[in-house]
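Topology and contacts: notes
Each chain, written out:
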Amino acid sequence: IDAENQVNKKNIQPWTIHLTNLERVDQKQEVCARLFTAGEKKQVWEGAITSGSPYTPSFLATLASGRYVLEVTYDSLKLEKEFALVSMEDRTPLPGSNLWTFAESDKIDRNHEAVLQLGSSLSDAYIQYYIYDAKGRVERGSYMLSDSLALLHIPYKENYKDGVSVSLMLVKEGKVYT
């Protein structure tokens with residue numbers, strides 16, 4: 001099952017289900033697909049998808065942010081893919097997210113700043129971030145969050161020609177999460 005681990009509700013990418021023969025060639029077959037909430041396994045959608053062809057699940061935009069499981073069956077074969085459905089408008093991270101990050105895009109240029117959503121489902125969590133360009137660290141900062149998300153805006157600078165990387169660390173009661 002080709003599907004993202006984090007699905008952006010505003011930019012849903014196609015899924016592709018692969019059924020292959022012994023030569024590993026995709027076979028076009030209709031498969032049964034079901035979508036469940038990850039926790040209580042409540043079914044929220046069912047449909048038929050043709051394997052080997054992209055299928056854009058636009059209906060995801062109408063669902064609540066959360067963890068979901070896509071289950072695909074064909075004859076006696078059953079495959080599952082868990083993913084997180086998220087939005088930059090979310091204000092709390094998914095439950096059980098010690099250190100949460102999400103970005104709508106991994107691009108930064110003169111016309112577009114990078115925006116990183118970060119947070120923790122823990123209370124009183126200290127999140128330290130470091131921003132690096134090709135020459136080294138250019139910025140650092142921190143957030144104190146309790147079961148919440150923050151947006152880290154990274155405006156473009158001329159010295160970011162080769163891009164930037166962001167490193168995060170969460171500290172809670174002496175434990176470090178990266």
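Our subject is the structure listed above.
Residues numbered from 1 in each chain as written. Predicted model: local features only at pLDDT ≥ 70, side-chain atom pairs only at ≥ 80, totals over all residues. Heavy atoms only, no water.

1. Notes on the overall build of the chain
Looking only at helices and strands, one finds zero helices and twelve strands in the chain. Considered along the principal axes of its C-alpha atoms, the chain spans approximately 55 × 35 × 30 Å. Scored against the burial criterion, the 178 residues of the chain give a buried share of 38%. Counting contacts in the chain only where the partners sit at least 6 residues apart, residues at least 24 apart contribute 58% of the total. The distance from the centre of the 20 positive side-chain charges to the centre of the 24 negative ones in the chain is 4 Å. (Helix = DSSP H or I, 4+ residues; strand = E, 2+ residues; numbered from the N terminus. Buried < 20%, exposed > 50% of the residue type's maximum accessible area, 1.4 Å probe, protein only. Contact = heavy atoms within 4.5 Å. Lys, Arg positive; Asp, Glu negative; His and termini not counted. Charge placed at Lys NZ, Arg CZ, Asp CG, Glu CD.)

2. Digging into the pattern of salt bridges
Across all of its chains, the model carries seven salt bridges by this definition. For Lys41, the salt bridge identified is with Glu80, shortest N-O distance 3.4 Å. With Lys41 in the loop between strand 2 (30–37) and strand 3 (43–50) and Glu80 in strand 5 (residues 77–86), this pair connects stretches of sequence that are 39 residues apart. According to the relative accessible area criterion, Lys41 is partly exposed, its value standing at 37%. The exposure class of Glu80 is partly exposed, given its relative accessible area of 46%. (Salt bridge = Lys/Arg side-chain N within 4 Å of Asp/Glu carboxyl O.)

3. Some details on the packing of aromatic side chains
Two measures describe an aromatic ring pair: the distance that separates the ring centres and the angle between the ring planes. Overall, the coordinates contain eight aromatic pairs when judged by the stated rule. Measuring from centroid to centroid gives 6.4 Å for Trp15 and Phe59, while their planes differ by 80°, and the two rings are edge-to-face. One end of the pair, Trp15, is in the loop between strand 1 (6–8) and strand 2; the other, Phe59, is in the loop between strand 3 and strand 4 (66–74), with 44 residues separating them in the sequence. Each of the two residues, Trp15 as well as Phe59, counts as buried. (Phe/Tyr/Trp six-rings, centres within 6.5 Å; stacked < 30°, edge-to-face > 60°.)

4. Some points on the nonpolar core
Within the largest apolar cluster, 19 residues are counted, with the highest numbers of intra-cluster contacts made by Trp15, Leu35, Leu60, Leu70 and Phe83. Broken down by secondary-structure element, the contributors of at least two residues to this core are strand 2, strand 3, strand 4 and strand 5. Ranked by size, the runner-up nonpolar core spans 15 residues in total, among them Leu116, Tyr129, Ile131 and Ala150. (Core = buried A, V, L, I, M, F, W, Y, C linked by side-chain atoms within 4.5 Å.)

5. A look at the side chain of Lys172
Here Lys172 is to be found in strand 11 (residues 165–172). Of the residues examined, Lys172 reaches a relative accessible area of 14% and is grouped as buried. Those residues in contact with Lys172 that lie beyond four places of it in its chain are Leu122, Ser123, Asp124 and Tyr177.

6. A few points about the environment of Ser142
Locating Ser142 in the fold gives a position in strand 9 (residues 136–145). On the accessibility criterion, Ser142 (39% relative accessible area) is partly exposed. Sequence separation of Ser142 and Gly47 is 95 residues, and the distance between their C-alpha atoms is 44 Å. Setting aside residues up to four positions removed in sequence, Ser142 forms contacts with Tyr126, Ile127, Gln128 and Tyr129.

7. Some remarks on the sheet that holds strand 4
What the five strands build is an open sheet, ordered 1-5-4-2-3; its pairing is mixed. The sheet is open, and its two edges are formed by strand 1 and strand 3, each paired on a single side. Across the sheet, the axes of successive neighbouring strands diverge by a mean angle of 30°, strand direction being ignored. Alignment of strand 2 against strand 4, held across six bridges, turns out to be antiparallel. By the bridge assignment for strand 4, Arg34 is matched with Glu71. (Pairing = 2+ DSSP bridges. Axes fitted to C-alpha atoms, helices over the stretch in contact; angles between N-to-C directions.)

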